[in-house]
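Overview (structure and organization)
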Amino acid sequence: MSEMFKGIGKIAYEGPKTDNPLAFRYYNPNEMVNGKSMKDHLRFAVAYWHTFQARGSDPFGPGTAVRPWDAITDPMELALAKVDANFEFCEKLEIPFFCFHDRDIAPEATNLAETNKRLDTVVSAIKTRMASSEVKLLWGTTNAFSNPRFMHGASTSPHADAFAYAAAQVKKAMEITMELGGQNYVFWGGREGYETLLNTDMKLELDNLARFLGMAVSYAKEIGFDGQFLIEPKPKEPTKHQYDFDAATVVGFLKTYGLDKHFKLNVEANHATLAQHTFQHDLAVARINGMFGSVDANQGDSMLGWDTDQFPTNLYDTTLAMYETILAGGFTKGGLNFDAKVRRGSFQMDDMFMAHIAGMDAFARGYKVAAKLIADKVLTKFVDERYASWHSGIGADIRLGKAGFRELEAYTLRNGEPVIRSGRQEMLEAILNQYITETV
Ligand code: XLS
Ligand code: NI
Ligand code: NI
């Protein structure tokens, strides 16, 4: 196969002082930190849909992207060329994983059987490339939101036939994810939500969503798929109200339907901020519920109210995201998937490389800052001291269930006014600044 990204070689680590935009300043894949390489800590992945499918179109104009595959018109030839592009891109950037929707890797045909045949053709091409490459599949998923048949939702459609179609699609997507050694399978709720309650049976739709996920759990068991199931919360877009609103909503939903043992979360930065949370908040909710799974690494724009899917370059966010990741024990099956697209004005082919480099450097640096914050115990020590009253005396009694309202009234009558201490927010923010500026 011929080279796709001509003129761009393997991206090297050149250190923080380099002025080469096609080099890493902070991401040194083989550097060992806490007994593991940075490549293994961060587990970066390329998102097929943005990097090989998106063309920079917006509601006001068509795509602007210039790509090496632009001259190819036959849809299957194009799909196969993108397989080559994916492996070359990941290898040049030392990105160990990629992620896809079924419809990203193979275009839909006129019926399901033909569509599945197309998928098989592309899957076998991917397998061939995998045999001589270290690049692996982080996760697969289904696109059950673009085709008009899913205009009212897939597993939450009012039409049982649409539910059935989506089930058939997930069955196949799960099979190919397994065939390609995918480590996770993602459920992002596409159009699973509603526009207006005037036409919606919310209870039935939620029950059906749970039924659908239950069927996925059974089928995975049946075929022996041991990848991690992940749910990706998002509060809105495309529907006005998405059922998987945020991490906390998904945790509650899974528990309500007894599905919590089978799923973890894929937390996306821009989805958390759309839900009016910080990225760190949703990661923390996942962590404290034992559901920290994987991350869709991107960032939004605080002035725009939609999923702008920008490449993550904000060091505060990457640092605090890595802080939560380390506290969660690091990635096991999950990783950092760049669910991010270059801006419409960044239309050149080399912009895709620069964008991934920018994101990888931001997370590599964030990881190191977070690792140092944790090693030095600066924040954890403060937090531990702040909650010290829960480890002895009345606090311990409350935790052990030894005190109720009666005892607490008696205690307070004896104890008088509580002694309250400063939360020291500004001091802690200054420490965070210091670590971000000074850790290399
Ligand atoms: C859309 C989602 C989507 C999922 C995969 O907002 O982020 O890209 O990650 O279906
Ligand atoms: Ni996503
Ligand atoms: Ni998104």
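Everything in this summary refers to the structure shown in the same document. (Residues numbered from 1 in each chain as written. Chains lettered and ligands numbered in written order. Predicted model: local features only at pLDDT ≥ 70, side-chain atom pairs only at ≥ 80, totals over all residues. Heavy atoms only, no water.)

When helices and strands are counted, the protein shows 16 helices and 14 strands. In terms of overall dimensions, the protein is globule-like: its C-alpha atoms have a radius of gyration of 24 Å, near the 22 Å expected for 440 residues. Viewed in the frame of its principal axes, the protein has a C-alpha envelope of about 80 × 60 × 45 Å. Looking at the protein as a whole, 50% of its 440 residues qualify as buried. Here the contacts in the protein between residues at least 6 apart in sequence split such that 77% fall between residues at least 24 apart. Surface summary for the protein: the accessible area is close to 21200 Å², and the carbon and sulfur share equals 55%. Separation of charge centres in the protein, based on 47 positive and 56 negative side chains, amounts to 4 Å. (Helix = DSSP H or I, 4+ residues; strand = E, 2+ residues; numbered from the N terminus. Rg over C-alpha atoms; globule rule 2.2 N^0.38 Å. Buried < 20%, exposed > 50% of the residue type's maximum accessible area, 1.4 Å probe, protein only. Contact = heavy atoms within 4.5 Å. Areas by Shrake-Rupley, 256 points an atom, 1.4 Å probe, with all protein chains shown as cover. Lys, Arg positive; Asp, Glu negative; His and termini not counted. Charge placed at Lys NZ, Arg CZ, Asp CG, Glu CD.)

This part is about unusual backbone geometry. Following E237, the chain continues to P238 via a peptide bond in cis, the omega torsion being 10°. Tracing the backbone shows P238 in the loop between strand 10 (228-232) and strand 11 (241-242). One non-glycine residue, D309, lies in positive phi territory at about 50°. Note that D309 resides in the loop between strand 13 (292-296) and helix 11 (315-327). We classify D309 as buried; its relative accessible area is 7%.

Bringing the site of ligand 1 into the picture now. W49, H101, W139, W188, E232, K234, E268, H271, D296, D307 and D339 make up every residue found near ligand 1. Within the contact set of ligand 1, an oxygen atom lies 2.9 Å away from a side-chain nitrogen or oxygen of D307. When isolated, ligand 1 has an accessible area of 290 Å², and the protein chains bury 93% of it. Here the shell around ligand 1 is composed, by residue class, of three nonpolar, two polar and six charged. (Near = heavy atom within 4 Å. Polar contact = N/O pair within 3.5 Å; in protein donor to acceptor, adjacent residues only side chain to side chain. Nonpolar A, V, L, I, M, F, W, Y, C, P; charged D, E, K, R; others polar.)

Next up on the list: the nonpolar core. Of all hydrophobic cores here, the largest spans 117 residues; its most connected members are F5, L42, F98, F229 and F363. Examining the composition of this core, we find that 13 residues originate from one element, helix 12 (residues 349-375), more than from any other. (Core = buried A, V, L, I, M, F, W, Y, C linked by side-chain atoms within 4.5 Å.)

Among the five residues that make up strand 13, five are buried, leaving the element largely enclosed by the rest of the structure. With four bridges connecting them, strand 12 (residues 263-268) and strand 13 associate as parallel partners. Residue N266 lies in a different strand from strand 13, and its bridge partner there is S294. (Pairing = 2+ DSSP bridges.)

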